Amino acid sequence: MKITKSHEEEHPVKAFGWAARDPSGHLSPFNFSRRETGETDVRFKVLYCGICHSDLHNIKNDWGFSTYPLVPGHEIVGVVTEIGKKVKKVKVGNKVGVGCFVGACNTCDMCSQDLENYCANMIWTYGCTCYDGTTTYGGYSDFMVADERYIVCIPENLPLDGGAPLLCAGIAVYSPLKHFGFVKQGAHLGVVGLGGLGHLAVKFAKAFGIKVTVISTSPSKKGEAMDYLGADSFLVSSNADQMQAAKGTMDGIIDTIAVAHPLMPLIDLLKSQGTLVMVGAPDKPLELPVFPLLMGRKSVAGSAVGGMKEMQEMLDFAAEHNITAEVEVISMDYVNIAMERLAKGNVRYRFVIDVGNTLGATQT
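What counts and how
Residues numbered from 1 in each chain as written. Predicted model: local features only at pLDDT ≥ 70, side-chain atom pairs only at ≥ 80, totals over all residues. Heavy atoms only, no water. Core = buried A, V, L, I, M, F, W, Y, C linked by side-chain atoms within 4.5 Å. Buried < 20%, exposed > 50% of the residue type's maximum accessible area, 1.4 Å probe, protein only. Helix = DSSP H or I, 4+ residues; strand = E, 2+ residues; numbered from the N terminus. Salt bridge = Lys/Arg side-chain N within 4 Å of Asp/Glu carboxyl O. Patch = residues over 30% accessible without salt bridge, like charges linked within 9 Å, V, L, I, M, F, W, Y side chains within 5 Å. Areas by Shrake-Rupley, 256 points an atom, 1.4 Å probe, with all protein chains shown as cover. Phe/Tyr/Trp six-rings, centres within 6.5 Å; stacked < 30°, edge-to-face > 60°. Lys NZ or Arg CZ within 6 Å of the ring centre and 35° of its normal. Contact = heavy atoms within 4.5 Å. Pairing = 2+ DSSP bridges. Axes fitted to C-alpha atoms, helices over the stretch in contact; angles between N-to-C directions.

**As for the nonpolar core**
Thinking step 1. Residues Leu166, Leu177, Leu189, Leu200, Val202, Phe204 and Leu315 are the most contacted members of the largest nonpolar core, which totals 57 residues.
Thinking step 2. When contributions to this core are tallied by element, the ones reaching two or more residues are α4 (169-179), β10 (188-192), α5 (196-207), β11 (211-216), β12 (233-236) and α10 (308-320).

Listed below in structure tokens is the structure:
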């Protein structure tokens, strides 16, 4: 008979974090373990971890594949404390980060093209099965261990708290901007939703020097979008006159909305041969009208973060252009309230947990 080891005994190194135990999504202190630092591994002390909307979906099992106990967090930054003897990428004391995944097959076509994020055997940072059959745990915890291939270097001038969300929200919008050619001179980009992903899409797009229109259900966000973030124009999606006037004007649209919403009004905003890219992940299917796609040779596509090479490129670009997320830094024991607020959209624009200074106080 196979004896299953407890979470504290799976690996030799004791670890501590906060986990959800069931679909209620309530997070509480959790003792577990991580592997020893292998030859190509990097171990780092977690200082900050962003809260992604997908964390909320996962702790509540909204997508139907969560396993418990679940330690969320994939916008993780900190300082290296130990490296394996074959590690060349970083040194002890360097600032590093881990994003949405911590492994892949490293041999398939996707991996060979630096698109590990589309590898069929990609290993998510949390709630996934690792190479050795054990569960991966995320960044709501005291330290992380990952192979150096899946570690990014944080530029010295990039603040860790505002930089943490770039490891998911940042790359989620940067990658489609580059891949779909939205950064070409004279391009006009629409950004749907001014939340965690949307505000970064505006920042990156303006850094590339293109025209940006924010599309939102909230008229009150116009000032923020244009005066603070630098968007060129603003559409209220429920205003029929505004939407009609903007029909056929956009080369591309990045849709960041994570709840069900109509796509037809957005497709109408595209020029012929324009592309609507979905980067939000609604928990219910969306209705896709085909006729307007046919008549304008328009496309609807999806994009999920980016590979490791592009992740590093994005961070370097962000540091060069002083791009960080707008964050509200919270303590570890505030995380359940933060999740409630996130579900209501009550955050500007990303919660970031001060893990390094507040996690220890929750350990009994």
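**Here's the deal with the pattern of salt bridges**
Thinking step 1. Across all of its chains, the model carries 14 salt bridges by this definition.
Thinking step 2. Here aspartate 232 ties to lysine 206 by a salt bridge, and the two come within 2.8 Å at their closest N and O atoms. With aspartate 232 in the loop between α6 (222-228) and β12 and lysine 206 in helix α5, the pair connects residues that are 26 residues apart, well separated along the chain.
Thinking step 3. A residue is classified by how much of its surface remains accessible, and lysine 206, at 27% relative accessible area, is partly exposed.
Thinking step 4. Each of Lys203, Glu224, Glu326 and Arg348 takes part in a single network of salt bridges with overlapping partners.

**A look at a nonpolar patch on the surface**
Thinking step 1. Residues Val290, Phe291, Leu294 and Met295 make up a contiguous nonpolar surface patch of about 480 Å² in total accessible area.
Thinking step 2. Residue class for phenylalanine 291 comes out exposed when judged on its relative accessible area of 58%.

**Digging into the packing of aromatic side chains**
Thinking step 1. For the structure on display, the rule yields 11 aromatic pairs.
Thinking step 2. An aromatic cluster is present here, built from Tyr174, Phe204, Phe208 and Phe317 joined pairwise through their rings.
Thinking step 3. Here arginine 34 stacks its cationic end above the ring of phenylalanine 143, 6.0 Å away from the centre of that ring.

**Notes on α4**
Thinking step 1. Burial runs high along α4: 9 of the 11 residues are buried.
Thinking step 2. Of all the residues in α4, the buried ones are Ala169, Gly170, Ile171, Ala172, Val173, Tyr174, Ser175, Pro176 and Leu177.
Thinking step 3. Where α4 is buried, its residues contact β10, α5, β13 (250-255), β14 (270-278), α10 and β17 (350-353).
Thinking step 4. Glycine 181 lies just past α4 and shows a positive phi near 70 degrees.

**Focus: unusual backbone geometry**
Thinking step 1. For the peptide bond that leads from tyrosine 68 to proline 69, omega is -5 degrees, which places it in the cis range.
Thinking step 2. Mapped onto the elements of the fold, proline 69 is located in the loop between α1 (53-59) and β4 (76-83).
Thinking step 3. Here the amide bond leading from arginine 348 into tyrosine 349 is cis, since omega sits at -15 degrees, within 30 degrees of zero.
Thinking step 4. Mapped onto the fold, tyrosine 349 is located in the loop between α11 (335-343) and β17.
Thinking step 5. One non-glycine residue, asparagine 322, lies in positive phi territory at about 55 degrees.
Thinking step 6. For asparagine 322, the location among the structural elements is in the loop between α10 and β16 (327-330).

**Some remarks on the sheet that holds β10**
Thinking step 1. Taken in spatial order, the 6 strands line up as β12-β11-β10-β13-β14-β15 in an open sheet, and their pairing is parallel. Strands at the two margins of the open sheet, each flanked by one partner only, are β12 and β15 (299-302). Averaged over all pairs of adjacent strands, the angle between strand axes in this sheet comes to 20 degrees, irrespective of strand direction.
Thinking step 2. Here β10 pairs with β13 via 4 bridges, running parallel. Along β13, the bridge assignment pairs valine 192 with aspartate 255.
Thinking step 3. Lying on the sheet, α5 is in contact with β10 and β11; it crosses β11 at an angle near 170 degrees.

**Some details on the pairing of strand β3 (residues 41-50)**
Thinking step 1. Of all 10 residues in β3, 7 are buried; the element is thus mostly enclosed.
Thinking step 2. For β3 and strand β8 (residues 143-147), the ladder comprises 5 bridges, and the chain directions are antiparallel. Its bridge partner lying in β8, lysine 45 is registered against phenylalanine 143.
Thinking step 3. When β3 meets β4, the two strands line up antiparallel, connected through 7 bridges. Looking across to β4, one finds that cysteine 49 is bridged to isoleucine 76.
Thinking step 4. Where β3 meets β17, 2 bridges bridge the pair, whose relative direction is antiparallel. For cysteine 49, the partnering residue across the bridge sits in β17 and is isoleucine 353.

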